[in-house]
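Understanding the architecture of this molecule
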Amino acid sequence: MQSDSQQPWRRKNQRQPNTATATHSSAGKPLTRAKRISQAISNRDLTTLKLLARTGDGFQTIRLRRRAWPLLLNFRSLTDAGNRAVPHPDEGQLALDIPRTGLPQSPEYRRDASAAKRRQGQLGEVVRAVLRNYPWLSYYQGFHELSLTFLSVFGSERPAIEAAKMVSLFLMRDAMSSDLDLVLKQLNLLYSLLETTSPKLHALLTELDVPAFFAISWVLTWFAHDLDEFQDICRIYDFLITMPPMQVIYMAAAMLKRNEEDILAYDRDFAIIHTGLVKLPGRIRNWHAIIEDSYYMQIEFPPAKLQHMGQIILPKLSAVNTYEATWRRLDPARPMAFESLLPAVRNGCHPLAGNVDSSAEGGRINRMAGVIDLTNSAQKARNLALQHKWPLMVATVASATMLMYAWMLMQQLQIHP
């Protein structure tokens, strides 16, 4: 792969922030990275922690992450409002997803099946706690994988629940509405970003009508679904928990940018390009560079600017557009109800409920609309193949691929024929 050798994305004249934590010992010797992390945690130096989360190999160890992540995620700054005794409507789907959840590679799990079973039981408790405390959130397939990373790092339910709660409310809230409409819009913003940062790649993908759905698991699970190395997953999470909600879109763009030459060298075939893009995260060996590139991309094209560039405007109450105003008000010394940050949820509805039909049938119709769009895209892909007199096999593969997308999204959105 050429990903590590390509020129990185950098903003000119970008300066590193000043930090309060010392980089050298009293004897004048440079501190090891682990000691700098530990010192920043002790000093509650969030500026230095964010810098360390972005650069190098992040927080390095599970032990340091257990100390750093609670500070960065503002643990204990919210008071829970739900009733954990009342089941959430989406728990049926969760019960189906938990048993087939792949756990991080571990000698303990390989030699003791009961240990894996216990971990899956804990995972169910974590996700149910978040959903029952905030019943206006909707579960999506992939949220359990996001939660599993927190459970695997912290090792117990209580801190994992706290981490999953803060991420779901402030970073992944748009994905936990009644449909995935805003996630699909964010995927379209990925293409808007590529149009500026990787115009040749953007031209190829749009010419072949390759939709951005290859990146949906990247966005919904923060790459946890796509990677085998748990250390890589943790490294990515070190960074994403310190950044605004849509940072994973910039990471996707940075990864595609660094692998642009390889992708452009693929055969100009829908199925081949799609397959290559889906498998791309598993081939990455230098996540540090992608993280750094995505950071500067976000500075160059912040979410508000990107929305105007792509003429795709997210709702005012989207997590993307409310993050800065709500996150800065959090204070673990003075816990508050989430409803006081976003009064729109006081009636027990998702903040974006006013943008969709909140009835059960209305939600089904909204979700079905997305599937209908995908089905139409399948027909369009087949017609395009026939129009250009591609072999019938290619036409069939193009159509079947899109129909497979539709089926997968139906499962993800819990739509049953």
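Residues numbered from 1 in each chain as written. Predicted model: local features only at pLDDT ≥ 70, side-chain atom pairs only at ≥ 80, totals over all residues. Heavy atoms only, no water.

Two numbers describe how helix α9 (residues 181-197) lies on helix α17 (residues 303-310): the axes approach to 9 Å, and their chain directions differ by 85°. Judged by the angle between their axes, α9 and α17 are roughly perpendicular. For the pair α9 and α17, the contacting residues are L189, S192, L193 and T196 in the first and L306, Q307, M309 and G310 in the second. When its residues are assigned to classes, the contact of α9 with α17 shows four nonpolar, four polar and no charged. (Axes fitted to C-alpha atoms, helices over the stretch in contact; angles between N-to-C directions. Helix = DSSP H or I, 4+ residues; strand = E, 2+ residues; numbered from the N terminus. Parallel < 35°, antiparallel > 145°, perpendicular 65-115°, else oblique. Contact = heavy atoms within 4.5 Å. Nonpolar A, V, L, I, M, F, W, Y, C, P; charged D, E, K, R; others polar.)

Our focus in this paragraph is the pattern of salt bridges. Where charged atoms of side chains with opposite charge meet at close range, the side chains can pair. For the structure shown, the criterion picks out 12 salt bridges. Among the ionic pairs, K165 bridges to D80, the shortest N-O distance being 3.1 Å. Placement of K165 in helix α8 (residues 157-170) and of D80 in the loop between β1 (78-79) and α4 (91-97) is noted, with a sequence separation of 85 residues between them. Under the relative-accessibility criterion, K165 is labelled buried at 3%. What makes D80 partly exposed here is its relative accessible area of 38%. With its nearest N and O atoms 3.2 Å apart, the salt bridge here joins K165 to E162. You can see K165 and its partner E162 sitting in helix α8, three residues apart, about one turn around the helix. Just as K165 is buried, E162 falls in that class too. (Salt bridge = Lys/Arg side-chain N within 4 Å of Asp/Glu carboxyl O. Buried < 20%, exposed > 50% of the residue type's maximum accessible area, 1.4 Å probe, protein only.)

Turning to the side chain of H88, a few remarks are in order. Position of H88 relative to the elements: it lies in the loop between β1 and α4. At 3.1 Å, the side chain of H88 forms a polar contact with the backbone oxygen of P135. Polar contacts involving the side chain of H88 include one to the main-chain carbonyl oxygen of L137, which spans 2.6 Å. Once residues lying within four places of it in the same chain are set aside, the contact partners of H88 are L131, R132, P135, L137 and S138. (Polar contact = N/O pair within 3.5 Å; in protein donor to acceptor, adjacent residues only side chain to side chain.)

So, about the packing of aromatic side chains. Scanning the model with the defined rule gives 16 aromatic pairs in all. When the centroid spacing of 5.8 Å and the interplanar angle of 80° are considered together, the rings of W69 and F150 count as edge-to-face. A residue pair is termed long-range when its members are at least 10 positions apart, and W69 in helix α3 (residues 62-72) and F150 in helix α7 (residues 143-154) qualify at 81 residues. Like F150, W69 is buried. Between Y323 and W327, the ring centres sit 5.6 Å apart and the planes meet at 20°, which makes this aromatic pair stacked. Of this pair, Y323 and W327 both sit in helix α18 (residues 319-327), four residues apart, which is roughly one turn of the helix. Judged on exposure class, the residue Y323 and its partner W327 are both buried. (Phe/Tyr/Trp six-rings, centres within 6.5 Å; stacked < 30°, edge-to-face > 60°.)

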